[in-house]
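Residue-level structure breakdown
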Amino acid sequence: MADSPSPTPATRAPDRRRRARRHVVALAVTDGTPDFELAVPCEVFGLDRSDLADPWYELRLCAGEPGELRTANGLIVPTSHGLESLSEADTVMVSACSRSRQLQPPAGLVAAVREAHRLGRRVVSLCAGAYVLAAAGLLDGRRATTHWMNAADFAHRYPAVDFDPAPLYIDEGSVLTSAGTGSVIDLCLHLVRGDLGSAVANEVARRMVVPPHREGGQTQYAMPRVRMRAGAGGGLAPVLDWARQRLDQPLTVSELARVAGLSERTFARRFRDTMGTTPLRWLSQERIRVAQELLETTDAPVEAIAHRAGFGTAPNLRHHFRRATTVSPATYRHVFRHRAARPSAPTGPTPHD
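These figures come from a predicted structure and were not determined experimentally.

This part is about the packing of helix H2 (residues 35–46) against helix H7 (residues 183–196). Look at H2 against H7: their axes get within 10 Å of each other, and the N-to-C directions meet at 25°. Here H7 runs roughly parallel to H2, going by the angle between their axes. Like other packed secondary-structure pairs, H2 and H7 cross with a definite hand, here right-handed. Where H2 abuts H7, its residues Phe36, Glu37, Val40, Pro41, Val44 and Phe45 lie against Val184, Ile185, Cys188, Leu191 and Val192. Along the lines of polarity and charge, the residues of the contact of H2 with H7 split into 10 nonpolar, no polar and 1 charged.

Here it is in structure tokens:
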């Protein structure tokens, strides 16, 4: 009996794996982009991880402006695609950009990002790449974030954006933004989780030796800052220094006013005009700053830190600390443990609070 003929391509059972189309991620890069923020999407989407999901993503590095592009540290970026690839991709990413590109995003890149969004592409900014999305008008009326150090500048330049400096990233469906540096990892893993499921995203995180999901927002990493208003005088400096030396003691507005030699009403008005906040809120911010430093650099119990920072009790410290940073003192200490106590300090589990 004759052997059965080998199946021809037309008669073979369909190979779903071969027929599946790869999800294309087009990463737009401008000159002077930070190395880390560029490396993260290359690690997550550029490596062949078809053992986890087949097909895996296809990453295209796209030149966001003419000429040879280099990272902030001088590495040449091998961009093999141009801006036309943005409209062809499934996901368009705009990498973090240098300060000069934040102030004046390349017009061609802005137009290409706007067109990609019009065509229904998912558009993502990494860190300061949010400036490009904002310039394209994609963030008007949307919640968005970027690195906390750019918060005041970004909010001032783009008042139509519902800017939120707290989250590590914000997912508005077709438009996503991330905070700075390490939060790029969080957003990239979030994209994988949404596209391919939690199991795949968790495995990618395990291979990168990072947590698949981090608690809290970027405010836990930003030191509380009080912005001096333009043209404000420094007449309050002596009373501010006096208060900083006594943060562990009960302090009232009337006492601060007495030290400043002003009536309570005049002092409160001048304080707000100069510091942009109230005396009591400033005191709370300064005490949070002291607590952060003690959590980072000592092994003191939370109760002791609460007394030294002027919060009185550990529950009171936890309440104000979580409200200011979105995480507990114990979580904050764990995050910054590598900056903590002396080598001779005893080791052990972080106190639970």
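On we go.
Of all residues in the protein, 84% attain a pLDDT of 70 or more, and the chain-wide mean is 85. Residue range residues 226–233 is modelled with pLDDT below 50. Its contacts to residues more than four positions away, or to other chains, number 17 contacts.

This part is about helix H14 (residues 314–325). Three or four residues apart is the spacing at which side chains of an α-helix point the same way, because the helix has 3.6 residues per turn. Here H14 contains 12 residues, and its C-alpha end-to-end distance of 16 Å stays within 8% of the 16 Å for a straight helix at 1.5 Å per residue. What H14 keeps buried is the set Ala314, Leu317, His320, Phe321 and Thr325. Along the long axis of H14, the arc covered by the buried residues comes to 135°, so they all point the same way. In this structure, H14 carries Pro315 and Arg323 as exposed residues pointing more than 90 degrees from its buried face.

Consecutive side chains of a regular strand alternate in pointing toward one face of the sheet and then the other. Every second residue of strand E3 (residues 91–94) is oriented toward a common face, with Thr91 and Met93 on one face and Val92 and Val94 on the other, all of them buried. In the sheet, strand E1 (residues 24–29) pairs with E3 via 4 bridges, with the strands oriented parallel. Bridged to Ala28 within E3 is Val94. Strand direction decides the pairing type here: E3 and strand E4 (residues 122–125), joined by 4 bridges, are parallel. Residue pairing for E4: Val92 is matched across the bridge by Val123.

Okay, the nonpolar core next. Core analysis: the largest hydrophobic core is formed by 33 residues, its most contacted members being Leu86, Leu109, Val113, Leu133, Leu139 and Phe154. Elements that contribute at least two residues to this core include exactly E1, E3, helix H4 (107–118), helix H5 (130–135) and helix H6 (151–157). Sequence-distant contacts of Val113, defined by excluding residues within four places in its chain, comprise Leu86, Val94, Val123, Val132, Leu133, Ala136 and Leu138. Ranked by size, the runner-up nonpolar core spans 31 residues in total, among them Trp242, Ala243, Leu247 and Leu294.

In terms of strand pairing, E1 meets strand E2 (residues 58–63) through 6 bridges, oriented parallel. If you follow Leu27 over to E2, its bridge partner there is Leu61. Regarding topology, H2 serves as the crossover connection from E1 to the parallel E2, and that connection is right-handed.

Moving on: the sheet that holds E4. Taken in spatial order, the 6 strands of this open sheet run E2-E1-E3-E4-E8-E7, and their pairing is mixed. Every interior strand has two partners, whereas the edge strands, E2 and strand E7 (169–171), have only one. Adjacent strand axes in the sheet meet at a mean angle of 15°, parallel and antiparallel pairs treated alike. Contacts from H4 reach E1, E3, E4 and strand E8 (175–178) within the one sheet, and its direction differs from that of E3 by about 150°. Contacts from H7 reach E3, E4, E7 and E8, with the element oriented near 150° to E8.

Turning our eyes to something else, we now look at unusual backbone geometry. A cis geometry characterises the amide bond from Asp54 onward to Pro55, with omega recorded as 5°. Relative to the assigned elements, Pro55 resides in the loop between H2 and E2. A positive phi angle, near 45°, is found at Thr181, a position not held by glycine. The topology assignment puts Thr181 in the loop between E8 and H7. A relative accessible area of 34% places Thr181 in the partly exposed class. At Val209, a position not held by glycine, the phi torsion is positive, near 60°. A relative accessible area of 73% places Val209 in the exposed class.

In this section: H7. The terminal C-alpha atoms of H7, which comprises 14 residues, lie 20 Å apart, in line with the 20 Å expected from a rise of 1.5 Å per residue. Ser183, Val184, Ile185, Asp186, Leu187, Cys188, Leu189, His190, Leu191 and Val192 are the residues of H7 that are buried. Those residues of H7 that are buried lie in contact with H2, E3, E4, E7, E8 and helix H8 (198–208). Immediately downstream of H7, the backbone of Gly197 shows phi near 105°, a positive value.

Across all of its chains, the model carries 8 aromatic pairs by this definition. Where Trp56 meets Tyr57, the ring centres are 5.2 Å apart and the plane angle is 90°; that geometry is what we call edge-to-face. For the residue pair Trp56 and Tyr57, the accessibility class agrees, reading buried in each case. Taking 5.6 Å as the distance between ring centres and 55° as the angle between the ring planes, the aromatic pair formed by Phe267 and Phe271 counts as tilted. Of this pair, Phe267 and Phe271 both sit in helix H11 (residues 264–275), 4 residues apart, roughly one helical turn. One exposure class covers both Phe267 and Phe271, and it is buried. Among the aromatic side chains, those forming a connected cluster through ring pairs are Tyr131, Phe154, Tyr158 and Phe163.

Cut-offs and rules
- Residues numbered from 1 in each chain as written.
- Predicted model: local features only at pLDDT ≥ 70, side-chain atom pairs only at ≥ 80, totals over all residues.
- Heavy atoms only, no water.
- Axes fitted to C-alpha atoms, helices over the stretch in contact; angles between N-to-C directions.
- Helix = DSSP H or I, 4+ residues; strand = E, 2+ residues; numbered from the N terminus.
- Parallel < 35°, antiparallel > 145°, perpendicular 65-115°, else oblique.
- Left-handed = near helix turned anticlockwise from the far one by under 90°.
- Contact = heavy atoms within 4.5 Å.
- Nonpolar A, V, L, I, M, F, W, Y, C, P; charged D, E, K, R; others polar.
- pLDDT = per-residue confidence, 0-100.
- Expected span 1.5 Å × (residues − 1).
- Buried < 20%, exposed > 50% of the residue type's maximum accessible area, 1.4 Å probe, protein only.
- Arc of directions from axis to C-beta.
- Pairing = 2+ DSSP bridges.
- Core = buried A, V, L, I, M, F, W, Y, C linked by side-chain atoms within 4.5 Å.
- Right-handed = clockwise from strand over helix to strand, strands pointing away.
- Phe/Tyr/Trp six-rings, centres within 6.5 Å; stacked < 30°, edge-to-face > 60°.

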